[in-house]
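Each chain, written out:
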There are 2 protein chains.
Amino acid sequence: MVMTENMRILLASRPTAAPKPADFTLDRAAIPEPSEGQVLLKILYLSLDPYMRGRMSAAKSYAAPVEIGAVMEGGTVARVERSLHASFKEGDTVLSHSGWQSYAVANGSDLRKLDPAVAPISTALGVLGMPGFTAWAGLQNIGRPKAEETVVVAAASGAVGSVVGQIARLRGARAVGIAGGREKCAFLLEDLGFDAAIDHRGPDFADQLARACPKGIDVYFENVGGRVWDAVFPLLNTFARIPVCGLIAQYNATPGDTGGADRLDGTMRSVLTKSLSIRGFIQREFASQRDQFYEEASDWIAKGKLRYREDIVDGLENAPTAFIGLLEGRNFGKLLIRVAKEHA
Amino acid sequence: MVMTENMRILLASRPTAAPKPADFTLDRAAIPEPSEGQVLLKILYLSLDPYMRGRMSAAKSYAAPVEIGAVMEGGTVARVERSLHASFKEGDTVLSHSGWQSYAVANGSDLRKLDPAVAPISTALGVLGMPGFTAWAGLQNIGRPKAEETVVVAAASGAVGSVVGQIARLRGARAVGIAGGREKCAFLLEDLGFDAAIDHRGPDFADQLARACPKGIDVYFENVGGRVWDAVFPLLNTFARIPVCGLIAQYNATPGDTGGADRLDGTMRSVLTKSLSIRGFIQREFASQRDQFYEEASDWIAKGKLRYREDIVDGLENAPTAFIGLLEGRNFGKLLIRVAKEHA
């Protein structure tokens, strides 16, 4: 089938709590024309990531929101269909930020060429891309796990968490992963080599976590928040480091949702008495280290020391449902949309 | 008058909220006898510091509590009365940690000899001692103010805050101080050279603070907590640093005191979206930098670039009342008890 239209998914409305399918519109438009210095891209893979929930909201954040009626934002792997840029030719595979659509034009300067010989091209959106770099940079610059220390990460079978735990082990630390359900926990232990895996759905979750961390917690890589934080916090050791790269449990909350007693004063008391370090970050702060990450991670992958799992959903039209599921933890591994077949 | 007894102030009971005079007992005991390697000290100055409230409580912290019936802990400047240690002789002035009493024995290895020619000996408990080093180390290692940045500190006329603001200015930053009352604010502006001073007692305190920080806040040196935190937090800039060395507004609180809505989730959202860094610390973590601090601070004092104010109360028997006042902000400058006259 020759595509003659650009399928796009637009933001139809700003969700107040969890996004619903009606917050998105499926739209068909003409395939855009590249100008001088640009290329026409056919999107192969779209990355779905929790940060996109923030872009759907008008609340102030580190990046501007997607406008109502605009194409949803997102990282993509694409093939060059036509090139008006000297550095790219038809058939090249590139990393772009083209959003939820099947075709796009892009400036050559915004693209990174991918070498399919190094690793499957989809990994440029996962273990070798933004999520993998988030894990690496947060540990390298903030978590700094030392040998024998205990590193805890939640959403541990996901794109960031799975890399956090494996790097922690590669640095000689103990990795304790938190995930939803038996199957994911088994994956952490058997496929990724975590030292312990805890199901956060268990009623005795906090007790289980405490038993899995007999020497306390030295690094808590925060990407979820919510009740995981409450279970982790009392176990933190003096001088513990908490890189904060996400708070997925909060993303669908409406202001004033929690209703419970104020926890801030107690948190600050522990920050003081335990000399804790809490540090939010976005991976682009450490952009200058990307080559170092890529080299180290590619080497680990080649040697089988860093493993990854992808959860690939076919068809751009399924992106809204898949994204809603991501916020509920229904994916298993790095969530991607296969927008078009690689070898079509 | 020749003293023949050791006056001591003991912890009589653990306060549940603000300490009361009845939580202390004035006691008289025999003057202790030094053994080999020890010295007998006559205490000249006792330092009163907010951290002592923590030592009165059994709650877990970074240091063990004072036992009921034991002498209250504290930093002291003392004169050697008798020495059984080769490095000290009668008449030497030393820094010791002898607590709330008029005489003490100490191991020579726990003492630091003071040179009265460098600065008044009382400064070893303030601007050149633990509080000054807390200010210096928190800025040097965590706050790291850059030129033109805005540094905010509360309890700004106190032992730590006054040094924080002055060092911030010496590093080229803008210093905004928060203090209680007109007189203290005038002192910050006129004597210490702060760029702005805000009275936290004003009903429009938060608005005043916002007006004093038109470019936001890059470093908030946290030593009080409470409503100052609430006013500061919305003004923090991306990449702001928050060294946390004290929370005096909380020290007299009982668990569950706050009662308000939970602020933790909102705090963590800002940590993430603004890449904030919150870091608790106790100065002894940076003990290896003490000589560097002492050299730099002594030089600043000699050149009139670093000023200090002491609030000296005569008589050890007045220590409990003075300490209770410290937690209420009634002191003006570094609070010291003159236990005995220097030149008696």
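In this text, all values refer to a predicted model and were calculated from it rather than measured experimentally.

1. A look at the overall build of chain A
Part 1: Within chain A, the secondary structure is distributed over ten helices and 15 strands.
Part 2: A compact globule built from 344 residues would reach a C-alpha radius of gyration of about 20 Å, and chain A, at 21 Å, matches this within 12%.
Part 3: Seen through its principal axes, chain A has C-alpha atoms that stretch 60 × 45 × 35 Å.
Part 4: Considering chain A as a whole, with its 344 residues, one finds that 56% of them fall into the buried category.
Part 5: The long-range share in chain A, meaning contacts at least 24 apart out of those at least 6 apart in sequence, stands at 68%.
Part 6: In chain A, 39 positive and 39 negative side-chain charges are present, and the distance between their average locations comes to 3 Å.

2. Topic: helix α3 (residues 161–170) of chain B
All names here are of chain B.
Part 1: Summarising burial for α3: eight of the ten residues are buried, a large majority.
Part 2: Buried within α3 are the following residues: G161, S162, V163, V164, G165, Q166, I167 and A168.
Part 3: Against the buried residues of α3 lie α2 (130–143), β8 (150–153), β9 (174–179), β11 (217–221) and α9 (290–302).
Part 4: One or two steps after α3, the chain reaches G172, where phi turns positive at roughly 95°.

3. Side note on the pattern of salt bridges
Residues and elements named next belong to chain A.
Part 1: Scanning the entire structure with this criterion turns up 38 salt bridges over all chains.
Part 2: D92 serves as the salt-bridge partner of K113, at 3.7 Å between the closest nitrogen and oxygen. Linking K113 in strand β7 (residues 112–113) with D92 in the loop between β4 (76–83) and β5 (93–96), this pair joins segments that are 21 residues apart in sequence.
Part 3: K113 gets classed as partly exposed once you look at its relative accessible area, which sits at 45%.

4. Quick notes on the interface of chain A and chain B
Bring the parts together and some accessible area is lost; that lost area is often taken as the interface size.
Part 1: Contacts between chain A and chain B engage 32 residues on the former and 32 residues on the latter.
Part 2: For the pair chain A and chain B, the summed buried surface comes to about 3,000 Å²; carbon and sulfur atoms form 60% of the total.
Part 3: Together, A:L264, A:M268 and A:L272 form the three largest contributors to the area buried by chain A at its contact with chain B, with a combined 22%.
Part 4: Counting every contact that joins chain A to chain B gives four salt bridges.

5. Focus on the sheet that holds strand β10 (residues 196–199) of chain A
Part 1: If you trace the twelve strands from one edge of the open sheet to the other, you get β10(A)-β9(A)-β8(A)-β11(A)-β12(A)-β13(A)-β13(B)-β12(B)-β11(B)-β8(B)-β9(B)-β10(B), paired in mixed fashion. If you trace the sheet from one side to the other, it starts and ends with β10 of chain A together with β10 (196–199) of chain B, each paired once. Adjacent strand axes in the sheet meet at a mean angle of 15° when their direction is disregarded.
Part 2: With two bridges connecting them, strand β11 (residues 217–221) of chain A and strand β12 (residues 236–244) of chain A associate as parallel partners. Note on β12(A): the bridge partner recorded for A:V219 is A:R241.
Part 3: Along the sheet, helix α3 (residues 161–170) of chain A makes contact with β8 (150–153), β9 (174–179) and β11 of chain A, crossing β8(A) at roughly 170°.
Part 4: Of the strands in this sheet, β9 and β10 of chain A touch helix α4 (residues 182–190) of chain A, which is tilted by about 170° from β10(A).

6. Structural notes on empty space enclosed by the protein
Gaps left between atoms are located by rolling a probe of water-molecule size over the structure's atoms.
Residue and element names in this part refer to chain B.
Part 1: Evaluated as defined, the whole model comprises five cavities of 30 Å³ or more.
Part 2: For the largest cavity, the lining is made up of 14 residues, of which A159, S162, Y308, R309 and K334 are closest to its centre.
Part 3: Tallied by class, the residues present in the lining of the largest cavity amount to five nonpolar, six polar and three charged.
Part 4: Both of domain 1 (5–126 + 308–338) and domain 2 (130–287) provide at least three residues apiece to the lining of the largest cavity.

7. Topic: the packing of α2(B) against α9(B)
Residue and element names in this part refer to chain B.
Part 1: It is the contact of α2 with α9, at a shortest axis distance of 10 Å, that shows an interaxial angle of 110°. As far as their axial angle goes, α9 and α2 are roughly perpendicular. Packed against α2, whose contacting residues are G132, F133, W136 and Q140, the element α9 presents R290, Q292, F293, E296 and W300 at the interface.
Part 2: Looking at the contact of α2 with α9 residue by residue, the class counts come to four nonpolar, three polar and two charged.

8. Quick notes on the domain arrangement of chain A
All names here are of chain A.
Part 1: As far as domains go, chain A holds domain 1 (5–126 + 309–338) and domain 2 (130–287).
Part 2: Listed per partner, the contact involves 20 residues of domain 1 and 15 residues of domain 2.
Part 3: Contact between domain 1 and domain 2 buries roughly 1,400 Å² in total, counting both sides, with carbon and sulfur atoms accounting for 61%.
Part 4: Joining domain 1 to domain 2, the criterion identifies zero salt bridges.
Part 5: Summed over the shared surface of domain 1 and domain 2, the result is four residue pairs in polar contact (both at pLDDT 80 or more).
Part 6: The residue makeup of the side of domain 1 that touches domain 2, split by class, is eleven nonpolar, five polar and four charged.

9. A closer look at the packing of helix α2 (residues 130–143) of chain A against α3(A)
All names here are of chain A.
Part 1: Between α2 and α3, the least distance of the axes is 8 Å, while the angle of their chain directions is 45°. With respect to α3, the element α2 is oriented oblique. Classified by chirality, the crossing of α3 by α2 is right-handed. Counted together, G132, A135, W136 and L139 of α2 and V163, V164, I167 and A168 of α3 form the full contact between these two elements.
Part 2: In terms of residue class, the contact of α2 with α3 is made up of seven nonpolar, one polar and no charged.

10. Topic: the pairing of strand β5 (residues 93–96) of chain B
Residues and elements named next belong to chain B.
Part 1: Burial of the side chains of β5 extends over both faces: T93 and L95 are buried on one face and V94 and S96 on the other.
Part 2: Where β5 lies against strand β7 (residues 112–113), two bridges are found, and the strand directions are antiparallel. Note on β7: the bridge partner recorded for V94 is K113.

11. Details of the packing of aromatic side chains
Part 1: Counted according to the given criterion, the structure contains 20 aromatic pairs over all chains.
Part 2: Taking 5.3 Å as the distance between ring centres and 90° as the angle between the ring planes, the aromatic pair formed by A:F187 and A:F332 counts as edge-to-face. Placement of A:F187 in helix α4 and of A:F332 in the loop between α10 (319–327) and β15 (334–338) is noted, with a sequence separation of 145 residues between them.
Part 3: What makes A:F187 buried here is its relative accessible area of 8%.
Part 4: Taken together, the ring pairs connect A:F24, A:W100 and A:F323 into an aromatic cluster.
Part 5: The side chain of A:R309 reaches across the aromatic face of A:F332, ending 3.5 Å from its centre.
Part 6: Taking NZ or CZ as reference, B:K113 lies 5.3 Å from the ring centre of B:F88, over its face.

So, how was this worked out
Residues numbered from 1 in each chain as written. Chains lettered and ligands numbered in written order. Predicted model: local features only at pLDDT ≥ 70, side-chain atom pairs only at ≥ 80, totals over all residues. Heavy atoms only, no water. Helix = DSSP H or I, 4+ residues; strand = E, 2+ residues; numbered from the N terminus. Rg over C-alpha atoms; globule rule 2.2 N^0.38 Å. Buried < 20%, exposed > 50% of the residue type's maximum accessible area, 1.4 Å probe, protein only. Contact = heavy atoms within 4.5 Å. Lys, Arg positive; Asp, Glu negative; His and termini not counted. Charge placed at Lys NZ, Arg CZ, Asp CG, Glu CD. Salt bridge = Lys/Arg side-chain N within 4 Å of Asp/Glu carboxyl O. Buried area = accessible area lost by both parts, 1.4 Å probe. Pairing = 2+ DSSP bridges. Axes fitted to C-alpha atoms, helices over the stretch in contact; angles between N-to-C directions. 1 Å grid on protein atoms, 1.4 Å probe; cavity = no way out; pocket = protein on both sides within 12 Å on 5 of 7 lines; lining within 4 Å. Points joined across faces, edges and corners; volume = space filled by probe spheres on them. Nonpolar A, V, L, I, M, F, W, Y, C, P; charged D, E, K, R; others polar. Domains from an automatic or database assignment. Parallel < 35°, antiparallel > 145°, perpendicular 65-115°, else oblique. Polar contact = N/O pair within 3.5 Å; in protein donor to acceptor, adjacent residues only side chain to side chain. Left-handed = near helix turned anticlockwise from the far one by under 90°. Phe/Tyr/Trp six-rings, centres within 6.5 Å; stacked < 30°, edge-to-face > 60°. Lys NZ or Arg CZ within 6 Å of the ring centre and 35° of its normal.

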